[in-house]
Amino acid sequence: MRIYLEHVTKSFPSQNRKEKRNVIAVNDFTYEIPDGTLTGLLGPSGCGKSTTLNLICGLETPTSGKIYFGDDDVTLLPPESRGVGIVFQNYALYPHLTVLENILFPLQNLKGPEKLSKAVMLDKAREAADLVQISRLLERRPKEMSGGQQQRVAIARALVKRPRVLLLDEPLSNLDARLRLQTREEIRRIQRETGITTVFVTHDQEEAMSISDQIVVMKEGIVQQIGKPQTVYDDPVNLFVAKFLGTPPVNVFSGEIRSGQLYLGQAPVLPFPGGRDGPVWVGIRPEGFVPSPDGPLVCSTRAVEVMGRDTSVVCTHPAAEAQIRAIISSEHDVSGDTVRFQLKPAKVHVFDRQSENRIYPA
Amino acid sequence: MRLRHLKGWLYLLPALLFLGCFMIYPLVDVLIYSLEEGYNSASQTYFGVGLYNFSYVLHDPYFLQAVKNTLLLVVITVPLSTGLALLISVQLSSIPKLRDLYQTVFFLPYVTNTLAVGLVFMILFKKTPYSDGMINALIHLFGGETVDFMDGPYWAKMLVTCLYTVWIVMPFKILILTSALASVNPDYYKVARVDATPRWRIFTKITLPMISPMIFYLIITGFIGAFKAYSDEVALFGVNLNAAGMNTIVGYVYDMLYGDSGGYPSYASAAALILFAIVLTITVINLLVSRKHVYYA
Amino acid sequence: MQKKSIAGRIVTYCLLTVWAVIVLFPFYWMILTSVKSYSAYNGEYVPAFYTLEPTMQNYVDAFSAVPLGRYFLNTMIYTAVTTLLMLVVVVLSAYAFARLNFFGRGAMFTLFLSLMMIPNELVVITNFVTMTNMHLRNTFTGLILPSVASVFYIYLLKENFEQVPEELYKAAKVDGTSDLKYLFKVMMPICQPTIVTIAILKIIECWNAYVWPRLITDQQAYFLVSNGIQEIRENGFGRENIPAMMAAVVVISVPLIILFLVFHKKIMEGVSRGGTKG
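Residues numbered from 1 in each chain as written. Chains lettered and ligands numbered in written order. Predicted model: local features only at pLDDT ≥ 70, side-chain atom pairs only at ≥ 80, totals over all residues.

1. Topic: the overall build of chain C
Scanning chain C for helices and strands turns up 14 helices and zero strands. Secondary structure elements in chain C, listed N-terminal to C-terminal, are α-α-α-α-α-α-α-α-α-α-α-α-α-α. What you see for chain C is a C-alpha radius of gyration of 24 Å, clearly larger than the 19 Å of a compact globule of 278 residues, by over 25%. Out of the 278 residues belonging to chain C, those deemed buried represent 45%. (Helix = DSSP H or I, 4+ residues; strand = E, 2+ residues; numbered from the N terminus. Rg over C-alpha atoms; globule rule 2.2 N^0.38 Å. Buried ≥ 20, exposed ≤ 12 C-beta atoms within 10 Å, placed from the backbone.)

Right, dumping it as structure tokens:
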């Protein structure tokens, strides 16, 4: 099912009584989520990603704009009439019901012609349980299961009605690191197997990058960039997106353009033809540094962390606000107080000092 | 959207009906009653509006006696029961075994019918021509002078009342204090022990400040409860409390309303409002004092 | 706490035991007296601490000389109906405050909270006059209606309802669950311990109710146990038949004590969460 958001805006009355202004959680969001894809809504907390999810779900109605599922306008439909399934961060399993009863719960709400016989309900519940591989746990209660198992039950409950759209709110945040890796593969598999259009919300860029077909990066209610994970990583439209994606994060320098050259401190590091002279922000990915005896960028080494395949060099440079982290191949020798770097042009992004929009690569 | 608001009010409707009829309306009404002079409940007429009812009540010797009794009761039982409960709770928290058993036993008076056990107290303390009663027998055993606690001198009757009141209010206080004590993080005690802090100092400098909000809560509810004393006295001395000289303010209110001397809702309202004013004042004073002495985590 | 010396520990146990004796002694005395025969009791100038000839005659007297069974039945009806009505009112309004979002919710809740400070004594006067004027004296309606509303329990249950994660409500909404079904199928089972606690506290309150029943009833046919015991004290058995009186006292105390022994954990937990006496 294709989801189409058309100029969707959601504002809330301000919590602060003295301030009469409304808080805009989502500002003029227009975007089409193609049928059968897995889309990650990504951003720091308070960026409006959860509100967007609630709008798609129908738990909130937009202040203005329209939402379509396929060709149906669902803007004013309540959640139960939209055919959506949702999984919350804390799973929201009913603690007093067993796994089976939890999965059956949505089916038991169906009324009138949609009403199912007991046997059919059981079949459907078993099928959903099979899909997420919890068939052996049907008699347990939520408390008696691990976080990962609870997560699966929640997904099964969301899927049992065969929703047109599956929504996941921070699905992995409550899991420990090892389970997180495993579960995100699981989510990917389930999504592929069912082919249900899935939208999930996360603040963890790594999580979003690893499984999404597309990611939507948001900041303060405004969509910053939409695209395939790799595209957004390689071509961030502004400094915020560049900083938000990637671990370790991008290294930010304050640089300057002078007569066709990009300067970091006093050293010209890259040719920069055609740009206007003036101060800029420069973001360099950790993998954009290549040690070289006559490299133009001279940094003071603070620490060298050996990680096996790679080596992480922590160093400082007068033009950088914080410590720089460079990931280099472990073949290089970086002993000594200073290290000189060449830069890979594709890993360097230059942003306007005022607007913070990208000006290189143009 | 409309529907949503309507639904909320619909769920609230039963509560609103009950509270409106039996709390909010009476609250307004009691003010009106207290200002209507010469209200006659048979003909439901009155001849004027003013503060006469308050003045009548304040000059009624029965009311003054009731105020005196109530104040004495408050001043004696609140500190006594709170202190005793603190002592017992601290001891209770320090024992490793049988704690649950003691705690359950100590709570028993909470679930008993006040009127019923009051009768038992009465026969324990009563002195009749046929028998001195249990307590007097004990006093006699230790060489004391027997006294009729139920029909004798004022101090004796007040003593029984205070004892019974303390007996009744202790379970609640012990329960609250033991759970307050249990909630103090044991790490504080460990640290204090490492610093070789003497036990008394641990109690006054760590335990007491930590549980001071609960002690304060008990003092406030204790004051309010003691000011509203009534059924304990009925249990001991019977419904005619004025005759026994042991009436309380609340007892005075009900006597004015109903019974042999009843039929004066205006006087009852005035007395109830005076009681409310006293309780409110004392609670506010308590709150002000506590600002200085209570430690809120 | 620091380890106490053996002597300190002995002092502690002695103190606790003394208080336990003070608490238990009246109960012992009432049971003891209730099984002494009338003549034996009145023959003791110095009361005996035990009896070798227990008799059940006093219990027979208690039920035959005064309508103790009637009082019992009345109290049960009063307690059951009041508690049930209270639960309906409290559950619905607690749910409205905890989960429904409607205009005026905040203001209403503030009003409810401020009602908690109003002492019963202030409103009893008008209720008494109202009930008298409506000719509801000596009826169960008059007994029950003013006893139903309990703002404090609404508050207690609302707090508990709010601890149920909001996501559960959202998930149920997405599945098309109606509010009423959500309340009965999800909220009430999850919050069952609190609901049971509230019910038990209300039962205790009803069983011990004295002031309102005394004002509103003056016919024995409508007396509750508290009024019954008062009536027995003033007029029953002849003033001096103390053993029969004690038998009646035992009989009306037993149901609550059994309730307490069965539910003592729940009751104590509920009371420590904010109950007050009376």
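2. Side note on the packing of helix α11 (residues 192-207) of chain C against helix α14 (residues 242-272) of chain C
Residue and element names in this part refer to chain C. α14 packs onto α11 with a crossing angle of 130° between their chain directions and a minimal axis gap of 10 Å. By the criterion of interaxial angle, the relationship of α11 to α14 is oblique. Between α11 and α14 the crossing geometry is left-handed. Contacts between α11 and α14 pair Val-196, Thr-197, Ile-200, Leu-201, Ile-203, Ile-204 and Trp-207 from the former with Leu-256, Leu-259, Phe-263, Lys-266, Ile-267, Glu-269 and Gly-270 from the latter. Class assignment for the residues of the contact of α11 with α14 results in 10 nonpolar, two polar and two charged. (Axes fitted to C-alpha atoms, helices over the stretch in contact; angles between N-to-C directions. Parallel < 35°, antiparallel > 145°, perpendicular 65-115°, else oblique. Left-handed = near helix turned anticlockwise from the far one by under 90°. Contact = placed C-beta atoms within 7 Å. Nonpolar A, V, L, I, M, F, W, Y, C, P; charged D, E, K, R; others polar.)

3. Quick word on the environment of Ala244(C)
Residues and elements named next belong to chain C. Note on placement: Ala-244 falls in helix α14. By C-beta crowding, Ala-244 is classed as buried, having 27 other C-beta atoms within 10 Å. For the pair Ala-244 and Asn-58, spaced 186 residues apart in sequence, the C-alpha separation works out to 4.5 Å.

4. Quick look at the confidence of the model for chain C
The predicted model of chain C averages 87 in pLDDT, with 95% of residues at 70 or higher. Here helix α2 (residues 38-43) of chain C is the element of chain C with the lowest mean pLDDT, 81, and helix α4 (residues 68-98) of chain C is the one with the highest, 94. (pLDDT = per-residue confidence, 0-100.)

5. Focus: the interface of chain C and chain B
Contact residues are listed per partner, giving 76 residues for chain C and 76 residues for chain B. The leading source of residues in the side of chain C that touches chain B is α14(C), at 13 residues. A per-class count over the side of chain C that touches chain B returns 53 nonpolar, 15 polar and eight charged.

6. Here we look at the sheet that holds strand β7 (residues 165-169) of chain A
Residues and elements named next belong to chain A. On the basis of which strands lie adjacent, the open sheet formed by six strands has the order β6-β7-β8-β3-β9-β10 and mixed pairing. In this open sheet, the two strands that pair with only one neighbour each are β6 (84-87) and β10 (222-227). Each adjacent strand pair in this sheet contributes to an overall mean axis angle of 15°, direction not counted. In this structure, strand β3 (residues 38-42) lies alongside strand β9 (residues 214-219), joined through four bridges in parallel fashion. Note on β9: the bridge partner recorded for Leu-42 is Val-217. Set on the sheet, helix α1 (residues 49-57) makes contact with β3, β6, β7, β8 (197-202) and β9; between it and β7 the angle comes to about 150°. (Pairing = 2+ DSSP bridges.)

7. As for the interface of chain A and chain C
You'll often see interface size given as the accessible area lost when the parts meet. Facing 16 residues of chain A, the contacting portion of chain C comprises 13 residues. Sorting elements by how many residues they give to the side of chain A that touches chain C places β6(A) first, with three residues. By residue class, the composition of the side of chain A that touches chain C is 11 nonpolar, four polar and one charged.

8. Re the packing of α4(C) against helix α7 (residues 140-148) of chain C
All names here are of chain C. In the contact formed by α4 and α7, the axes pass within 9 Å of each other and the chain directions differ by 40°. As summarised for this structure, α4 and α7 are arranged oblique, according to the angle between their axes. For the element pair α4 and α7, the recorded crossing hand is right-handed. On α7, the residues that touch Ile-77, Tyr-78, Val-81, Thr-82, Leu-85, Met-86 and Val-89 of α4 are Phe-140, Leu-143, Ile-144, Ser-147 and Val-148. Grouping the constituent residues of the contact of α4 with α7 by class yields 10 nonpolar, two polar and no charged.

9. Side note on helix α3 (residues 118-131) of chain A
Residues and elements named next belong to chain A. Helix length check: α3, at 14 residues, gives a terminal C-alpha distance of 20 Å against a target of 20 Å (1.5 Å per residue), a fit within 8%. Inspection of α3 places Ala-125, Ala-128 and Ala-129 among the buried residues, and these make up the whole buried set. One side of α3 carries all its buried residues, which in axial view fall inside an arc of 100°. Among the exposed residues of α3, those oriented more than 90 degrees off its buried face are Ala-119, Val-120, Asp-123 and Asp-130. Where α3 is buried, its residues touch α2 (99-108) and α4 (147-159). (Expected span 1.5 Å × (residues − 1). Arc of directions from axis to C-beta.)

10. Comments concerning the environment of Ala125(A)
Structurally, the position occupied by Ala125(A) is in helix α3. Separated by 22 residues in the primary sequence, Ala125(A) and Ile103(A) have C-alpha atoms spaced 5.9 Å apart.

11. Remarks on the domain arrangement of chain B
Residues and elements named next belong to chain B. Per the domain assignment, the segments making up chain B are domain 1 (1-49) and domain 2 (51-293). Between domain 1 and domain 2, the C-alpha centre-to-centre distance is 32 Å. If you look at the interface, domain 1 gives seven residues, while domain 2 gives nine residues. Elements represented by at least two residues in the side of domain 1 that touches domain 2 include exactly α1 (2-35) and β1 (36-37). Of all the elements, α1 adds the most residues to the side of domain 1 that touches domain 2, at three residues. Here the side of domain 1 that touches domain 2 is built from residues that sort into three nonpolar, two polar and two charged. (Domains from an automatic or database assignment.)

12. Remarks on the pairing of β8(A)
Residues and elements named next belong to chain A. The element β8 is largely enclosed, with a buried count of six among its six residues. Residues Thr-197, Val-199 and Val-201 line one face of β8 and the alternating positions Thr-198, Phe-200 and Thr-202 line the opposite face, and both faces are buried. In terms of strand pairing, β3 meets β8 through five bridges, oriented parallel. The residue bridging Leu-41 from the neighbouring strand is Val-201, located in β8. In the sheet, β7 pairs with β8 via five bridges, with the strands oriented parallel.

13. With respect to unusual backbone geometry
Residue and element names in this part refer to chain A. Between Thr-247 and the following residue, Pro-248, the backbone shows a cis peptide bond with an omega angle of -10°. As for its position among the elements, Pro-248 is in the loop between α8 (239-244) and β11 (251-258). Residue Arg-162 is not a glycine yet carries a positive backbone phi of 50°. Positionally, Arg-162 belongs in the loop between α4 and β7. Positive phi values are uncommon outside glycine, yet Glu-170 reaches one of about 45°. Here Glu-170 lies in the loop between β7 and α5 (177-194).

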